[in-house]
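Tertiary structure, described
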Amino acid sequence: MTAFWWTLRTLLSDWRRRPAQALMFLAGLASATALFSGVQALNFQARQSYAEAASQLGGAQLASVRTPSETPFDQRAFIALRKAGYKVSPVVEGDILIGRQPITVIGIDLATLPAAAAGDSLQAIGGNGRQLSANTDLETIQPADFLLPPGVGLVAPETLTKLSANEGDRLRSSTDQLLPPLQTSAGITPDTIITDIAPAQMLLSLGGKISRLLVDETQATGLPPLAKALGDLETTALKGLAPAGLALNKPTNTNDMSRLTDSFHLNLTAFGFLSFFVGLLIVHGAVGLVFEQRRTLMRTMRACGVSSKSLTIAAATELLLLATAAGAVGLAIGYTVAGALLPDVAVSLRSLYGAKVAGALAFRPTWLALGLFIAVAGAAAAAAGSLYKTWKLPVLAPGKPTAWRAAEQQTIKRNALFAGFFFATALGLLLAAGGLFAGFALMGASLLAAALILPAILSVLLRLAEANASGPIVRWFFADGRQQLPSISLALQALLIALAVNIGVGSMVGGFRATFLGWLDQRLAAELYVNAGAPGRAIEMRALLEAQDAVTAILPLAFASTRFNDLPAELYGFTDHETYRDSWPLLAQNPGAWDRVTSGEAIFINEQLFRGDDIKVGERITLEAPTGPWAVEVAGVYSDYGNTRAQFMVAVDTLKGRWPDAQGDLFILRVEKESVDRVAQLLTERFQLTDSDLINQTDLKALSETIFEKTFTVTAALNVLTLVVAGVALLTGLLSLATARLPQVAPLWACGLTRRRLALLDLLKTLSLAAVTSILAIPLGVAVAWMLTAIINVEAFGWRLPLHHFPDQWAGLIILAVAIAALSSAPVTAALWRASPTRLIKVFADER
Amino acid sequence: MTNETQNATQSAGDILTTIKSPPDWTSASRDRATESVGVSGSGTKEALVVRDLCKRYETDGGALNVLDRASLTLAPGDAVALTGESGSGKSTLLHLIAGLDAHDAGDIIIAGRALEGLNDEERARMRREEIGVVFQQFNLIPSLPVFDNIAFQARIADRFDAAWTNTLVDRLGLGALTRRYPEQLSGGQQQRVAVARALAGKPTLILADEPTGNLDEETSDSVLALTLDLVADSGAALLMVTHSERLAGRLRRRLHLSGGKLQ
């Protein structure tokens, strides 16, 4: 133990002499851990929100009774089933707008709410007949307060903050409905209000209707199974209450939101891993450099009687201590980064998937443990080679740096061979594998291969330049560059990867922006989009619109929900018009597709189904309609950027025929340009339409563009952070080199070159290497862009975008990389410039 | 440098007095040896016995016998100079004895214990407990101050004796330098620290590989004088590789390595 302690102490004391490497190690591992753990914190938070949403009102435990398309039905069905002896409880659910904030309103019946649905919050106010318990913040709420007007609206604390409201405030919805007084309660899903069923029905304009019936886990003995009873009662007690029929839905442990958002989270995780990998390159470089510089020290320790086993264990312990410290710093940074990015992620998830994610980050011990584990495991992986070399270190091997460089030349050759292996792996994945994971593996293998081959390419270029150089200084310039290469190759590799990913992601986002905006212009050809809100109003509205000369077309639109391949899907019924035929870009179609769809013989599917579910044009698919299964041919595919769900377009009459409960009070209006505002004002005044009921083309485009920008906010932020990490790698790599440079430049100083000239030559060398690396990053970046748009995006979101190139962006990145290199070189250049003659003379006295 | 030499020479006299009655650490070391090898005719254990040692390297030009049945014996208190031309195998012999390299044939017995068959862990233990090595390049630990450098080997051998270490510090004239780092010392000072480190663990055998090769004549004389005095009075054996006939002449015995054989 004594030997181990003193060995460990001696190794730790060595870092005092190498502050640059210590900084490199700690900064590398801390930034790697920060980016990885930050992404994990976002994923944890999102998944917890999904789980909370799924388990709200016992969703994960309780069965429910719903219509097949999940549309509201008559609340008398509740009474009928209760009379038949079944313990069911009504729930009404829907969305309203408060200001511009969408909020989900859930109405419950406290008296019949099953215990499993109540949870702590609702049990506290007497859910399922329980008495008010002295529980948390709800002890001031009495059951009577909840049930009697004005009632109580339970919200998560962050929802209250988001609505800029205080406890007890009564807000108004965008339809001017007065909400119950708001009261905060833990455990409520964000952006959700839970209240009694009566005010909820009023807020949602669903008087006498309910969305579903929760089924208690324990039912009276002797009753026939509920599923059977629903069928039996369909023609008697339930007749006419739910035209599409009622079905018993079993609870499910895996909620739809988790499955829908898997791709999004995998995307985030992949970028987290990428950043982590770049960070590990720095750690690997720092540990490798320290190992080489410590050879003499370790040899001395071995000669003094420290066994290789003790030395290796001490080095591993040292690594563990440093990794834990760096990991802790990284976790703190990661938590801060995640907290800053979470609001944008929440907006992305809501706009893309309708998922509600808490806007505040919760702290979890599992996240902390995972973060520390990944920091230590990453450090161990990055240092494994050096630890192995420590174990096998021959005591008598020369500890001179020249031997290291010779060994590094061997390493360059070996890495080139590994690069070949990873290129072959990437090729194999490209040709043979499919799926999102394979897509990321392909990108990883390609980046790794390129990074591994980089030093060999630079070495060859320098050798060629040296061979063709004229003049001794120029020859030395290139020869010295080759000698310096092994020391900064890891930093250059990190820079290559960071730049390539930046170019790739930049091209993808830029290309997406160009494509998306063009597509929006086509897709949003109509001038106004109106929701009449009720069938009766729709008839009245249509009559008014038909009397307006400026309205050139009134195109009714219907909407229904269904499930396809066990996931939620949307159906839109459209009215045949040139607005669609001329403007809707079809990616693939059969001859006469529009005619066949408008006649009800076929349907269109969106790109997500075409690519994600591999449904081909001409193929027949079966949709579960309330009126029975509908086998129908796919006539065409339309692009649907921004949507992640499966979607079908059918003729409006066909939809209403097969989905009798479809929402049919929507209109798309073609209006003469100069009369758009007048018509909009007329409708608003006559029917008291809200912002969400009447949307004009300009607003819809702006909203879509905002959603698009938010979608890539996180990706872009991670991208920039990766570039910062590469900059840190370069800086620390050069700082590590700073002292080692003196013996290499001192002979030239002695031969008559000034320190200023030597310093500038050194700077020029670093900038040249960074510039060449940046240029090499362009083809790699284009390859990354292709992989992102042609493979990963298709797998993750279901969209395939045309590949765009942005040479001005590349030029900007090259300038940025050179600027980073200049900034990183500045301290080293300054140190060399200002190096005192005494220090340089000491090189020759061998007394350094 | 002249002052240093004077200080060191003056210290040497004090050391002699101190070493007259050193702690009985050589016998303690010997007690740990269990094998009945390396015992002299009088029954005392030899500090070092090398018997028929062979070491061969494969080169492009064929096999090179660096050591060919080389033998030597060092009794406690012996001080032997090992001379030979460059490349004759002097350093190789020292490395083999220190257990840093493996021999092809023959026996190496230190304080009654054979190196043969010891694994890396056991060799390391033998090295830290029985052997002190002084290198030409000093090989101090740059990140540790002088005192910790001196105490390093004694500490890892669990034999640290503060009083003894302080005595070495004082006698070697390092008292004012204990908080300094190696890079802040002159070559002569660094080598005195290296000698102190080799002695602090109270080893049976001191191996010195050209210990004064990097020092000027005056400094090397003073460092050698201190080393010899300490070795002579402590009862440890010294095997010192040197190129210098002058320095070799100051040791009691001299062995010459040539053609792989010791003469």
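Sequence positions are assigned chain by chain, starting from 1 and proceeding in written order. A letter from A marks each chain and a number from 1 marks each ligand, given out in the order of writing. Local features in this predicted model are restricted to residues whose pLDDT is 70 or higher, and side-chain atom pairs enter the listing and the counts only when it is 80 or higher, whereas totals over whole chains, interfaces and linings include all residues.

1. Notes on the overall build of chain A
Runs of E in the DSSP output that reach at least two residues are strands. Runs of H or I that reach at least four are helices, and both are numbered from the N terminus. Counting its secondary structure elements, chain A contains 25 helices and 20 strands. Scored against the burial criterion, the 848 residues of chain A give a buried share of 46%. Contacts in chain A between residues at least 24 apart in sequence constitute 82% of all its contacts with a sequence separation of at least 6. Exposed residues have 12 or fewer other C-beta atoms within 10 Å of their own C-beta, buried residues have 20 or more, and partly exposed residues fall in between, where C-beta atoms are placed from the backbone. Any pair of residues counts as being in contact when their C-beta atoms, constructed from backbone geometry, are within 7 Å of one another.

2. With respect to the overall build of chain B
A count of helices and strands for chain B gives 9 helices and 10 strands. Looking at chain B residue by residue over its 263 residues, the buried ones come to 51%. For chain B, long-range pairs separated by at least 24 residues make up 76% of all intrachain contacts whose partners lie at least 6 apart in sequence.

3. Digging into the environment of Glu795 of chain A
All names here are of chain A. Within the secondary structure, Glu795 sits in helix 23 (residues 755-796). Residue class for Glu795 comes out partly exposed when judged on the 19 C-beta atoms lying within 10 Å of it. When the C-alpha atoms of Glu795 and Gly435 are compared, they prove to be 6.2 Å apart, with 360 residues separating the residues in sequence.

4. Thoughts on the confidence of the model for chain B
Residues and elements named next belong to chain B. For chain B, the average pLDDT comes to 79, and 83% of its residues sit at 70 or higher. The predictor rates its confidence in each residue with pLDDT, a number between 0 and 100. The secondary-structure element of chain B with the lowest mean pLDDT is helix 2 (residues 25-32), recorded at 36, while strand 8 (residues 237-241) shows the highest, at 93. Confidence drops under pLDDT 50 across residues 1-37; counting only partners more than four residues distant or on other chains, this segment forms 65 contacts. What the predictor reports for the complex is a pTM of 0.63 with an ipTM of 0.74.

5. Overview of the pairing of strand 9 (residues 212-215) of chain A
Looking along a regular strand, one sees the side chains alternate between the two faces of the sheet. Residues and elements named next belong to chain A. Taking every second residue as pointing to the same face, both faces of strand 9 are buried, with Arg212 and Leu214 on one and Leu213 and Val215 on the other. Two strands pair under a simple rule: DSSP has to find at least two bridges between them. When strand 1 (residues 63-66) meets strand 9, the two strands line up antiparallel, connected through 3 bridges. Bridged to Ala63 within strand 9 is Val215.

6. Comments concerning the sheet that holds strand 4 (residues 105-110) of chain B
All names here are of chain B. The strand order 2-1-4-5 describes an open sheet built from 4 strands, whose pairing is antiparallel. Pairing within the sheet leaves two strands with one partner each, and these edge strands are strand 2 (62-74) and strand 5 (113-114). Taken together, the 2 bridges between strand 4 and strand 5 define a ladder with antiparallel strand orientation. Considered in strand 5, the bridge of Ile110 is made with Arg113.

7. Focus on the environment of Lys616 of chain A
Residue and element names in this part refer to chain A. One can find Lys616 in the loop between helix 18 (607-612) and strand 16 (620-625). Classification of Lys616 as exposed rests on a count of 10 C-beta atoms within 10 Å. Linking Lys616 and Gln589, residues 27 residues apart in sequence, is a C-alpha distance of 9.6 Å.

8. A closer look at the interface of chain B and chain A
A common measure of how large an interface is: the accessible area buried when the components associate. At the interface, 22 residues of chain B touch 20 residues of chain A. Counting only elements with at least two residues in the side of chain B that touches chain A, the list comes to helix 4 (120-130) and helix 5 (146-156) of chain B. Top contributing element to the side of chain B that touches chain A by residue count: helix 4 of chain B, with 6 residues.

9. Here we look at the confidence of the model for chain A
Taken residue by residue, chain A gives an average pLDDT of 80. The fraction at 70 or more is 84%. Long-range and interchain partners of residues 124-139 of chain A, a stretch whose pLDDT sits below 50, account for 34 contacts in this model, where long-range means more than four residues apart.

10. Remarks on the packing of helix 23 of chain A against helix 24 (residues 807-833) of chain A
Residues and elements named next belong to chain A. A fitted line through C-alpha atoms represents every axis, and for helices the fit uses only the stretch in contact; the resulting angles, taken between N-to-C directions, go from 0 to 180 degrees. Two numbers describe how helix 23 lies on helix 24: the axes approach to 8 Å, and their chain directions differ by 155°. Compared by their axis directions, helix 23 and helix 24 come out roughly antiparallel. Read as a crossing pair, helix 23 and helix 24 show a hand that is right-handed. For the contact of helix 23 with helix 24, the class distribution of residues is 18 nonpolar, 4 polar and 3 charged. For classification purposes, angles smaller than 35 degrees are called roughly parallel, those larger than 145 roughly antiparallel, those between 65 and 115 roughly perpendicular, and all remaining angles oblique. Put simply, a crossing is left-handed when the front helix is turned counterclockwise from the back one by less than a right angle, and right-handed when it is turned clockwise. Polar here means any residue other than Ala, Val, Leu, Ile, Met, Phe, Trp, Tyr, Cys and Pro, which are nonpolar, and Asp, Glu, Lys and Arg, which are charged; Gly is therefore polar.

11. A short note on the pairing of strand 17 (residues 628-638) of chain A
Residue and element names in this part refer to chain A. Note: strand 14 (residues 586-589) against strand 17, 3 bridges, orientation antiparallel. Residue Gln589 lies in a different strand from strand 17, and its bridge partner there is Gly636. Note: strand 15 (residues 602-606) against strand 17, 5 bridges, orientation parallel. Note that in strand 17 the partner of Phe604 across the bridge is Gly636. One ladder, built from 6 bridges, connects strand 16 with strand 17; its direction is antiparallel.

12. Quick word on the sheet that holds strand 8 of chain B
All names here are of chain B. One open sheet accounts for 6 strands, arranged 6-7-8-3-9-10; its pairing is mixed. Of all strands in the sheet, those with a lone pairing partner are strand 6 (131-134) and strand 10 (261-262), marking the two edges. Where strand 3 (residues 79-84) meets strand 8, 4 bridges bridge the pair, whose relative direction is parallel. Opposite Ala81, over in strand 8, you have Met240 as the bridge partner.

13. As for the environment of Ile282 of chain A
Examined against the element boundaries, Ile282 of chain A turns out to sit in helix 9 (residues 256-303). Separated by 209 residues in sequence, Ile282 of chain A and Ala491 of chain A have C-alpha atoms that sit 6.7 Å apart.

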